Amino acid sequence: MPEVRWKVYLLFALITLSIFGSISLSRERIGEGIGNDSGNETYILGAKVSNETSIADLINQLGTGGHETRLDTAARIGKSGEPAADALIEKIEANASSSEEINSYMLLALLETRDGRVEKTLSGTLGKKGTAHNTTAENTVEEQAQGEISDDILQAIEAKDKTMRKSLADSLNMDYKEKTDALEAALKAEEQNSSIYDSIVLSQFGPEEPGSETEKLLKALKSDSGSMRIAAIMALGERKEKAAVDPMIGILTRDYPPVQSSAAFALGEIGDERAIEILLKQMKDGESDTIKINAAIALGKMGKETTVPNLIDRLRDNKAAVRSSAALSLGKIGNETAVGPLIDILNSGKLSDGRAKDSINANEDVRKSAVLALGEIRKTEATEILTGILTDKEEKLSVRIAAASALGKIGDPGALETIKKVLEDKSMDVNIRKEAFLALGKTKNQEAAGILVAKLGDKEFGASSREALIDIGEMAVDPLIGNLKTTDKKMKDETALILIEIGDPRAVKPLIEAYQ
């Protein structure tokens, strides 16, 4: 028995020595693989990986993930030195990246390698990027000069349209005895398209009814059913069917108010000049406020300068909603003759000791619409009144936010001090401060650029700063070059990337020096 026990112990000892020997040998191989710089292969826990493949994978990762992830990836690529530089230069010179944005991250990675060929590659690429950026900036200025419509005013007009459709839907139960559930749902739908209205109308026709869908919709304009006429009008308006203009003009002169309202709306969607005269008349003398409002908005959508005097006249209407609609349409048309009357609205509606000279012009919707319109027309004469509204704590929040946005569109450097104060006032509503910050980026001068550079690391405004500095372009180059001296690695990378995006050749040497 003791002999058997001794043999078991001996066998156990031999197995243990064998296991330790295998582990030791594996460690030596791993160590030899990691320490071997002569080849392109590395052993990591027994798995063979090519350095070239690893670099290629990292470069591909520059096209994925968020901004912070891409900055980290660029830094990792840079640590590979010359092999990474070879791969990056080949891709950059072959213009093999899928976008200019990815190309910028590749240039940042190339800077991180500290390779001697950086200057040549960076100079050539920045020259091309700078030309492209300047062309884009010139196009943007030209678009603004030609009156490109901003999202702010389009959204305000769409809000008017939604209110109109809801009002129309609510009126159906009161005015008509028919079942109108489908039409009410269509009118209240967030997204509008003709197919829903088409199906409501076309379901009333039998299969033997002759004519195309459009012909049936036109025929439905003469239906005895008011709700069917509304459905046909909305369908034809969404289709922008010019054949419906003359029948709708007739409807606008003699039908019931809800049907007239839908006709005014649809004529604006179609945009045919034949409707201008009747829309002008209905805007002034329409049987209901809804008809007047829809006519005013329709004229704005049509965008004819000849209607400006009539729209200015409606800024004195006795209903706030009509004044507001006329103001939005004046903004959409963009004629500068409206600037004075719009400023008058803001002055006469300003509260003093709780009162205003004109109580209608004190209405929040009227004031916001006038502010948005002034921003859209983009004349510096409006800067003073808008900066006053921005800082006036008696103004409604929506009006002040609109004022910040309008100042950004105007881009007057004279508003810079006010915008800076708003940004520094932590007690101010965050939405006002955000709009003021965006406005700052549109003033396009070095002082504004310096403020934006200082906000690059800010959690609240950092992302917006980056975008605004790229938009500012060459005016931001000097403050950005100064920021390359920061000891914060992330901030330096962020600054370098923005300079690469702008593409000004003045940044080449400072960039290289920053990464030596």
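No experiment lies behind these values; they were computed from the predicted model shown.

**Describing the confidence of the model for the protein chain**
Mean pLDDT over the protein chain works out to 86, with 84% of the residues at or above the 70 mark. Contacts for the low-pLDDT stretch residues 23-50, under 50 throughout, to residues beyond four places or in other chains number 17 contacts. pLDDT under 50 marks residues 135-147. Its contacts with residues more than four places away, or in other chains, come to two contacts.

**Observations concerning the nonpolar core**
Core analysis: the largest hydrophobic core is formed by 147 residues, its most contacted members being Leu122, Leu279 and Leu511. Filtering out sequence-adjacent residues up to four positions away, leucine 122 remains in contact with Leu107, Leu111, Ile500, Val508, Leu511 and Ile512.

**Description of the packing of helix 3 (residues 67-78) against helix 5 (residues 100-113)**
The interhelical angle for the contact between helix 3 and helix 5, taken along N-to-C directions, is 40 degrees, at an axis separation of 7 Å. Handedness of the crossing formed by helix 3 with helix 5: right-handed. In contact with His67, Arg70, Leu71, Ala74, Ala75, Ile77 and Gly78 of helix 3, helix 5 contributes Glu101, Tyr105, Leu108, Ala109, Glu112 and Thr113. Classifying every residue of the contact of helix 3 with helix 5 gives seven nonpolar, three polar and three charged.

**Some words on the pattern of salt bridges**
Summed over all chains, the structure comprises 38 salt bridges. With a shortest N-O distance of 2.2 Å, aspartate 72 and lysine 490 are connected by a salt bridge. Of this pair, aspartate 72 sits in helix 3 while lysine 490 sits in helix 27 (residues 489-502), and the two are 418 residues apart along the sequence. The exposure class of aspartate 72 is partly exposed, given its relative accessible area of 37%. Here lysine 420 makes a salt bridge to glutamate 447, at a shortest N to O gap of 2.7 Å. Within this pair, whereas lysine 420 is found in helix 22 (residues 416-424), its partner glutamate 447 is found in helix 24 (residues 446-454), the two being separated by 27 residues in sequence. By relative accessible area, which is 40% here, glutamate 447 ends up partly exposed. Overlapping salt bridges bring together Lys242, Asp246, Asp272 and Arg274 as one network.

**Brief notes about the packing of helix 20 (residues 383-391) against helix 21 (residues 397-410)**
It is the contact of helix 20 with helix 21, at a shortest axis distance of 8 Å, that shows an interaxial angle of 145 degrees. Every pair of crossing elements has a handedness; the one defined by helix 20 and helix 21 is left-handed. Note on element contacts: helix 21 touches helix 20 through Val399, Arg400, Ala403, Ala404, Ala406, Leu407 and Ile410, opposite Thr383, Leu386, Thr387, Ile389, Leu390 and Thr391. Classifying every residue of the contact of helix 20 with helix 21 gives nine nonpolar, three polar and one charged.

Basis of the calculations
Residues numbered from 1 in each chain as written. Predicted model: local features only at pLDDT ≥ 70, side-chain atom pairs only at ≥ 80, totals over all residues. Heavy atoms only, no water. pLDDT = per-residue confidence, 0-100. Contact = heavy atoms within 4.5 Å. Core = buried A, V, L, I, M, F, W, Y, C linked by side-chain atoms within 4.5 Å. Buried < 20%, exposed > 50% of the residue type's maximum accessible area, 1.4 Å probe, protein only. Axes fitted to C-alpha atoms, helices over the stretch in contact; angles between N-to-C directions. Helix = DSSP H or I, 4+ residues; strand = E, 2+ residues; numbered from the N terminus. Left-handed = near helix turned anticlockwise from the far one by under 90°. Nonpolar A, V, L, I, M, F, W, Y, C, P; charged D, E, K, R; others polar. Salt bridge = Lys/Arg side-chain N within 4 Å of Asp/Glu carboxyl O.

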